[in-house]
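Working through the structure, step by step
Below, each chain spelled out in residue letters.
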Amino acid sequence: MKCPGPSCKEVCEFLSDFVDGQMSAVRRLAFEAHLKACPPCAEYMHQFALTIKLSKKCCCPGKPTLPIPDDLIKAVCAAMAADQPACDVSQARCDTTAPLSKQQN
Amino acid sequence: MSRVTAADDFPSRVTANLAPRADEIEAIEPEADFGDGALVLQLKARDGKAYERVMRELGPRLLATAVRMLGNEDDAREAVQDAFLSAFRNMQNFDGKSKLSTWLHRIVINACLMKLRTKRRKPSVSIETLLPRYNDEGHMELPIQSWRRGETGNDDDAPDDSLRQRVREEIETLPEEYRAVLMLRDVEDLDTAETAVVLGVSESAVKTRLHRARQALRAKLDLVVRGERSQEGGK
């Protein structure tokens, strides 16, 4: 079978450029012509693109955040207070028990 | 949690500058700031309440990033703690050309990478067998078997827990130099230039590694899919 345009190897080796949109319009057209005429490469491209999609979907679950433990905040604040230059050290202290909104008042 | 201590217990590596240099920040994040000005001034003035506000408001998302990078919450908390300390100690390097959240995200990633370098000293495994092979005419040597629509969550629905777990496990088995690039580019959405700066490699190396990582992961997922089919066939 003779595929049009670039070889199957060339298509597979530059699929990231194709998928990421980092390809010139002319080259992209040649790739698209190849993919249209070559079912194995089209299937490979499909799986390749799906792999990228799955990486994102599976590593970023619905709840993208985790609570920061109070003891972590206390430890960082304590370390920064210990670092404080010889001015008003009390400025660097924080009360991790008070709600943030209250502190800002 | 394994390590939350008073200030004098922090190991010296915590004082390492994980924050990008000013020229690196400019290279990776040219956008203008969006109103972090007053908060940044407070941080530069070493205001403890500003520290806490930043940690409470931006910390949860940063911790989630660290868990994705490191695979467990204990290491992630340590990395985030290191990152906050490094950021606060190096606030003078923050010139406001990027958003504070973006800057901190990069620092957390740096902290995670530093932790990975010290913990994952497993020998790099070749992924050559996972890459496609071609005959003399440039065609693939092995036929590509199709993935049935729906079996890998290839619609717009969220993948189920089982598939999510399998994909994560397969990503974890990639050699570190490939896993790191894939995580930064395809999961954390850094661009090629940003990834190159964070990893200290050329953009060309990032592109090459990313492509190979994606190819290798596709092959691993292919084995998962076809393995399931074999089991189904055996039932």
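The following paragraphs examine the structure supplied in this document. In this numbering scheme, every chain counts its residues from 1 along its sequence in written order. The naming scheme follows written order: chains are lettered A onward, ligands numbered 1 onward. Under the rules for a predicted model, residues below a pLDDT of 70 receive no local features and side-chain atom pairs below 80 are neither given nor counted, while totals for whole chains, interfaces and linings still include all residues. Side-chain calculation: all heavy atoms of the structure are included, whereas hydrogens and water are not.

All names here are of chain B. Between its first and last C-alpha atoms helix H6 (residues 161–172) spans 16 Å; for 12 residues at 1.5 Å apiece the expected length is 16 Å, and the two agree. Summary of the burial criterion: residues with accessible area below 20% of their type's maximum are buried, those above 50% are exposed, and those between are partly exposed, where the area comes from a 1.4 Å probe applied to protein chains only. Segments assigned H or I by DSSP are reported as helices when at least four residues long, segments assigned E as strands when at least two residues long, and all are numbered from the N terminus. By the burial criterion, the buried members of H6 are Leu163, Arg164, Arg166, Val167, Glu170 and Ile171. For H6, the arc enclosing every buried residue in end-on projection is 165°, short of the 170-degree limit, so these residues lie on one face. For a helix, the expected span equals 1.5 Å multiplied by the number of residues minus one. Working definition: the arc comes from the directions between the helix axis and the C-beta atoms, pointing outward to the latter.

What follows is about the state of the cysteines. Residue and element names in this part refer to chain A. Disulfide: a pair of cysteine sulfur atoms within 2.5 Å of each other. One pass over the structure, following the stated rule, counts 0 disulfides over all chains. Of all cysteine sulfurs in the structure, the one in Cys41 sits closest to Cys8, which takes part in no disulfide; the separation is 3.7 Å. A relative accessible area of 4% means that Cys8 is categorised as buried. Left without a disulfide partner, Cys38 is nearest to the cysteine sulfur of Cys41, which lies 3.6 Å away. You can call Cys38 buried: its relative accessible area is 1%.

Residue and element names in this part refer to chain B. The axes are straight lines fitted to the C-alpha atoms, using for helices just the contacting stretch, and the angles between their N-to-C directions are given from 0 to 180°. Where helix H2 (residues 37–44) contacts helix H3 (residues 48–70), the axes come no closer than 8 Å and their chain directions differ by 125°. Classed by the angle they form, the pair H2 and H3 counts as oblique. Every pair of crossing elements has a handedness; the one defined by H2 and H3 is left-handed. Every residue of H3 that contacts H2 at Leu39, Gln42 and Leu43 is listed here: Ala50, Tyr51, Arg53 and Val54. Among the residues forming the contact of H2 with H3, the class breakdown is 5 nonpolar, 1 polar and 1 charged. Angle categories: roughly parallel below 35 degrees, roughly antiparallel above 145, roughly perpendicular from 65 to 115, and oblique for all the rest. Less than a right angle of anticlockwise turn of the near helix away from the far helix marks a crossing as left-handed, whereas a clockwise turn marks it as right-handed. We call two residues in contact when some of their heavy atoms are within 4.5 Å. Polarity classes work like this: nonpolar for Ala, Val, Leu, Ile, Met, Phe, Trp, Tyr, Cys and Pro, charged for Asp, Glu, Lys and Arg, and polar for all others, with Gly in that last group.

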